[in-house]
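The primary structure of each chain is shown beneath.
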Amino acid sequence: MVAGRVPHAEEVLPLPALSSVPRHVAIIMDGNGRWATARGLSRVEGHRAGALAIRTVAERLSQHGVPVLTLFAFSTENWGRPRAEVRAILGLASDFIDTRLAELDEADVRLAHIGDIGRLPRALRAKVRHAVERTAANTGLVLNVAFSYGGRADIVDAVRRLVDDGVRAEDITEEAIAERIATAHLPEPDLLIRTGGERRISNFLVWQAAYAEYYFTPTLWPDFDARAVDAALLEYGRRRRRFGLVPEGACAPDGLTASAGA
Ligand code: FPP
């Protein structure tokens, strides 16, 4: 991904052909704590390893031609974790910008942020804004970081914007909300991956992921590598997406073309 650099081992891994490439992959990066505990390390070391995994995954998705990646790095609920852990994750986010911004910019990555930026410490807020501004004109992978993000809060904010915009009740439509949701400028996620074995979306892109394909894997986030990305994308290619319609070629009851199925 970065020109003129010695490739990582992952980069020489042959790229499997995909039958379809998602326009937007969203990932719940879970399992850092368990990864660390299994190695006798602190949870913070797990988050540090998790931050390192981001590069491999972003590069692999980019190689596959995925244009947008949203990472759930810190939820509104995560503010309730022990203070030392919260401080450490904030520090890792700050280090990530300090150490990766130039490289990401060079690789044409556009950084974006969703979530309550006002809750971040002032210095981190400034770094996030700077990173977003510096990479705003880039045309490669959009790396959208959900930090201090909650899906329900996102919907509440969209509704507040509707009110601020003076939209009348009868004019409130799904489109009107979608235009005001945090990811309005991005395609909806086609594929939502959760690592770490749990099978829930934990207040991540609640509105946006209504029709996403879900991929749950027991692999802990720091172990989620290029091969794991390939496996998720190959599985996505095998899914038949219906968007509430009857499957292609199926005989619809009473001549209907759409069913209530998902
Ligand atoms: C979930 O694992 C992970 C988090 C809550 C934090 C994720 C943070 C990073 C990957 C690094 C910082 C972010 C950036 C943008 C560089 P968990 O702690 O819930 O793991 P467990 O379920 O095993 O306890």
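Residues numbered from 1 in each chain as written. Predicted model: local features only at pLDDT ≥ 70, side-chain atom pairs only at ≥ 80, totals over all residues. Heavy atoms only, no water.

Asker: Got a minute to help me understand the nonpolar core in this structure?
Answerer: Most often, soluble globular proteins keep nonpolar side chains buried together rather than apart. Residues Val25, Ile27, Leu69 and Leu143 are the most contacted members of the largest nonpolar core, which totals 44 residues. For this core, the elements supplying multiple residues, two or more each, are β1 (24–28), α2 (43–63), β2 (68–75), α3 (83–106), α4 (122–134), β4 (142–149), β5 (191–194) and α7 (226–238). It is α3 that contributes the most residues to this core, eight residues altogether. Every residue in contact with Ile27, bar those within four places of it in the chain, is listed here: Val57, Leu69, Thr70, Leu71, Phe72, Ile193, Phe204 and Trp221. In terms of nonpolar packing, the next biggest core, distinct from the first, is built from 11 residues, Phe72, Leu192, Phe204 and Leu205 among them. (Core = buried A, V, L, I, M, F, W, Y, C linked by side-chain atoms within 4.5 Å. Buried < 20%, exposed > 50% of the residue type's maximum accessible area, 1.4 Å probe, protein only. Helix = DSSP H or I, 4+ residues; strand = E, 2+ residues; numbered from the N terminus. Contact = heavy atoms within 4.5 Å.)

Asker: Any chance you could explain the packing of α2 against α7 here in plain terms?
Answerer: Two elements in contact, α2 and α7, have axes whose closest approach is 9 Å; the angle formed by their N-to-C orientations is 45 degrees. The angle between the axes of α2 and α7 places the two elements in the oblique class. For the crossing formed where α2 meets α7, the hand is right-handed. Contact residues: α2 offers Thr56, Val57, Arg60 and Leu61, while α7 offers Ala226, Val229, Asp230 and Leu233. Residues belonging to the contact of α2 with α7 are distributed by class as follows: five nonpolar, one polar and two charged. (Axes fitted to C-alpha atoms, helices over the stretch in contact; angles between N-to-C directions. Parallel < 35°, antiparallel > 145°, perpendicular 65-115°, else oblique. Left-handed = near helix turned anticlockwise from the far one by under 90°. Nonpolar A, V, L, I, M, F, W, Y, C, P; charged D, E, K, R; others polar.)

Asker: Just to check I follow, could you spell out the pattern of salt bridges for this structure?
Answerer: Oppositely charged side chains are able to pair whenever their charged atoms sit close together. Throughout the structure, instances matching the rule amount to 21 salt bridges. A salt bridge links Glu45 to Arg48, with the shortest nitrogen-to-oxygen separation between them at 3.5 Å. Linking Glu45 with Arg48, this pair stays in helix α2, spanning three residues, or about one helical turn. A residue is classified by how much of its surface remains accessible, and Glu45, at 30% relative accessible area, is partly exposed. Here Arg48 falls in the partly exposed class, since its relative accessible area comes to 37%. Salt bridges linked by common partners bring Arg55, Glu59, Arg100 and Glu103 together as one network. (Salt bridge = Lys/Arg side-chain N within 4 Å of Asp/Glu carboxyl O.)

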